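Single-letter residue listing:
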Amino acid sequence: MKTYYLFILSIFLLLISCKQESKTIKPGEIWADNNGIHINAHGGGILFNEGSYYWFGEHKVEGKKGNKAMVGVHCYSSKNLVDWKDEGIALEVIKDNPQHDITEGCVLERPKVIYNVQTKKFVMWFHLELKNRGYDAARAGVAISDKVTGPFEFVKSFRPNAGHWPKNVKEIHKQPVGTDVLDKYCGGLGCLPAHPDSVNILGRDFENGQMARDQNLFVDDDGKAYHIYSSEENSTLHISQLTDDYLSESGNFTRVFSERYMEAPAVFKHKSKYFLIASDCTGWDPNAARLAWAPSIFGPWEELGNPCVGDEANLTFRSQSTFVTPVQGKKDAFIYLGDRWKPENAIDGRYICLPFQFNKSGIPYLKWMDEWSLDIFE
Ligand code: GAL
């Protein structure tokens, strides 16, 4: 009889463990957290720290209002990248000071967190638009915390690299250009017509700092960190090394993909090569992703085209990139995380999470899967 019960128990345990093995991700579906609530971490990024993954993203509220920051940055933790535990709000917007840079109703997008081994601080960078100024401010924001899940404390917001020319500056950038010429190209957010290099937005912003909208962070194997942001009225990406404490720009930066209007950049490194996935610039509407690679973070970068294959590849499966996370302990394992935005009801935005696969030449690509598990990786 005892053996019988033991047999039943072991079958039961086996069933449970099989179930755990095959836990799946269903891109585009509601992704419930440990409380059964759809994860609220849009434009997010993932940090691996001491055996756990932490997902930080924009907390959205219902309706169009959700496109503004009414709450702050939400954090979730996970051991397996599938089950996420709600860790609460890591950075709160300020409710009692309308003058504060991150006052309730500002635009606070694409937060990313990295850990500084030297200072033992968690550092968050985000795209900040000051309240009631549309997308004109184009600033970078920084917050800091001793604990991974926060509370993060706001440090500052600013336009990067004031008073510094990029490594690959052209002489023409240093010539003063009339504001009448510049005004034609500076209508705030949106897809501005491609401008000739002679329309010198870089030079215009030299003194007060460069515009910084869609953004990401990347920490290299040597511990150096980089801020990658859409600048010059979204026309050009900047890749900018941070100071050793990760709190400021170092002034060492480069312009890449000039006049390609790249947004939503995410960098990852595989076998000593740097890869960057980004989108075109069409607001909340999806477009075809772009992949590029380089032998060094500062370039030269070479575009490789759209990494998506199959149905809806031309729309990145109706998503826009936000992050690429390596999977710990797995070989050649990188996961694409993108947003399927719902600007009419921001809180209902969905996540498109898909594994990168590599072709024979070592170039990553993305294929749609209705459902997949981490067993796909070796
Ligand atoms: C997108 C950008 C989003 C958000 C949106 C606003 O292009 O990637 O982060 O800023 O525009 O329209």
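Look up: the structure comes first, before these words.
Scope of this entry: the structure provided in the associated data block. (Residues numbered from 1 in each chain as written. Predicted model: local features only at pLDDT ≥ 70, side-chain atom pairs only at ≥ 80, totals over all residues. Heavy atoms only, no water.)

Moving on, we come to the site of the ligand. Around the ligand sit nine residues in total, of which E109, R110, D214, E263 and Q320 are the nearest. Between an oxygen atom of the ligand and a side-chain N or O atom of E109, the distance comes to 2.6 Å. Between the ligand and G283, the relevant distance is 3.2 Å, taken from an oxygen atom to a main-chain nitrogen or oxygen of the residue. Here the ligand loses 96% of its free accessible area of 310 Å² to cover by the protein chains. Classifying every residue of the shell around the ligand by side-chain character gives three nonpolar, two polar and four charged. (Near = heavy atom within 4 Å. Polar contact = N/O pair within 3.5 Å; in protein donor to acceptor, adjacent residues only side chain to side chain. Areas by Shrake-Rupley, 256 points an atom, 1.4 Å probe, with all protein chains shown as cover. Nonpolar A, V, L, I, M, F, W, Y, C, P; charged D, E, K, R; others polar.)

Turning to the nonpolar core, a few remarks are in order. Counting 39 residues, the largest nonpolar core has W55, W84, I277, W372 and L374 as its most contacted members. Every element with two or more residues in this core is listed here: β2 (52-59), β13 (263-270), β14 (273-279), β15 (290-294), β18 (320-326), β19 (334-340) and β20 (350-358). No other element matches the five residues that β20 contributes to this core. Among all residues touching W84, those that are not within four sequence positions of it are W31, D33, N34, I39, I46, Y53, Y54, W55, Y76, S77 and S78. Residues V73, C75, V113 and F152 belong to the second largest nonpolar core, which totals 23 residues. (Core = buried A, V, L, I, M, F, W, Y, C linked by side-chain atoms within 4.5 Å. Buried < 20%, exposed > 50% of the residue type's maximum accessible area, 1.4 Å probe, protein only. Helix = DSSP H or I, 4+ residues; strand = E, 2+ residues; numbered from the N terminus. Contact = heavy atoms within 4.5 Å.)

Look at any regular strand and the pattern is simple: side chains alternate between the two faces of the sheet. Among the seven residues of β18, six are classified as buried, and the element is accordingly described as predominantly covered. In terms of strand pairing, β18 meets β19 through six bridges, oriented antiparallel. Directly across from Q320, in β19, lies its bridge partner D339. (Pairing = 2+ DSSP bridges.)

Each neighbour pair has its own omega, and for G150 with P151 the value is 5°, a cis peptide bond. Among the secondary structure elements, P151 is positioned in the loop between β7 (139-145) and β8 (153-158). Of note, the bond from G299 into P300 is cis; its omega dihedral lies within 30 degrees of zero at 5°. Topologically, P300 is positioned in the loop between β15 and β16 (302-305).

So, on to the pairing of strand β4 (residues 85-92). The pairing of strand β3 (residues 72-78) with β4 spans five bridges and is antiparallel. For G72, the partnering residue across the bridge sits in β4 and is E92.

Glancing now at the side chain of S319. Note on placement: S319 falls in the loop between β17 (308-309) and β18. Judged by relative accessible area, which is 3%, S319 ranks as buried. Here the side chain of S319 touches Y336 through a polar contact of 2.7 Å, side chain to side chain. Other than its neighbours up to four places away in sequence, S319 contacts P286, N287, Y336, G338, D339, R340 and I352.

Strand order in the open sheet formed by five strands is β17-β21-β20-β19-β18, with mixed pairing between adjacent strands. For this open sheet the edge positions go to β17 and β18, each flanked by a neighbour on one side alone. With six bridges connecting them, β19 and β20 associate as antiparallel partners. Residue Y336 lies in a different strand from β20, and its bridge partner there is L354.

In this section: the environment of P27. Mapped onto the secondary structure, P27 falls in the loop between α1 (2-21) and β1 (42-49). Sequence separation between P27 and G338 is 311 residues; the distance between their C-alpha atoms is 9.5 Å. Leave out the neighbours within four places in its chain, and P27 touches Y351, I352, C353, L354, W368, M369, D370, E371 and W372.

What links the strands of a sheet is backbone hydrogen bonding, and the strands pair in either a parallel or an antiparallel sense. Across the sheet, four strands lie side by side as β1-β2-β3-β4; this open sheet has antiparallel pairing. For this open sheet the edge positions go to β1 and β4, each flanked by a neighbour on one side alone. Taking the axes of each pair of neighbouring strands and ignoring which way they run, one obtains an average angle of 25° across the sheet. (Axes fitted to C-alpha atoms, helices over the stretch in contact; angles between N-to-C directions.)

Here the focus is the pattern of salt bridges. What the rule picks out here adds up to 22 salt bridges. Of the charged contacts, one joins E58 and K60 as a salt bridge, the two residues approaching to 2.8 Å between their closest N and O atoms. Of the residues examined, E58 reaches a relative accessible area of 5% and is grouped as buried. On the basis of relative accessible area, K60 is assigned to the buried category, the value being 2%. Across the pair D220 and K269 runs a salt bridge, and its minimum N-O distance is 2.8 Å. (Salt bridge = Lys/Arg side-chain N within 4 Å of Asp/Glu carboxyl O.)

This structure, assessed with the given rule, holds 20 aromatic pairs. Taking the centre distance of 6.4 Å and the plane angle of 90° together, the rings of Y336 and F356 count as edge-to-face. Here F356 lies in strand β20 and Y336 lies in strand β19, a separation of 20 residues in the sequence. The exposure class of Y336 is buried, given its relative accessible area of 0%. Residue F356 is classed as buried on the basis of its relative accessible area of 2%. Seen from their ring centres, W372 and F377 are 6.2 Å apart, and the 85° between their planes marks the pair as edge-to-face. Given the relative accessible area of 7%, F377 is considered buried. Grouped by ring-pair contacts, the aromatic residues F268, F275, W293, F334, Y336, F356 and F358 constitute a single cluster. The lysine or arginine in question, K156, covers the ring of F158, its NZ or CZ lying 5.3 Å from the ring centre. Sitting over the ring of W293, K273 keeps its end group 4.9 Å from the ring centre. (Phe/Tyr/Trp six-rings, centres within 6.5 Å; stacked < 30°, edge-to-face > 60°. Lys NZ or Arg CZ within 6 Å of the ring centre and 35° of its normal.)

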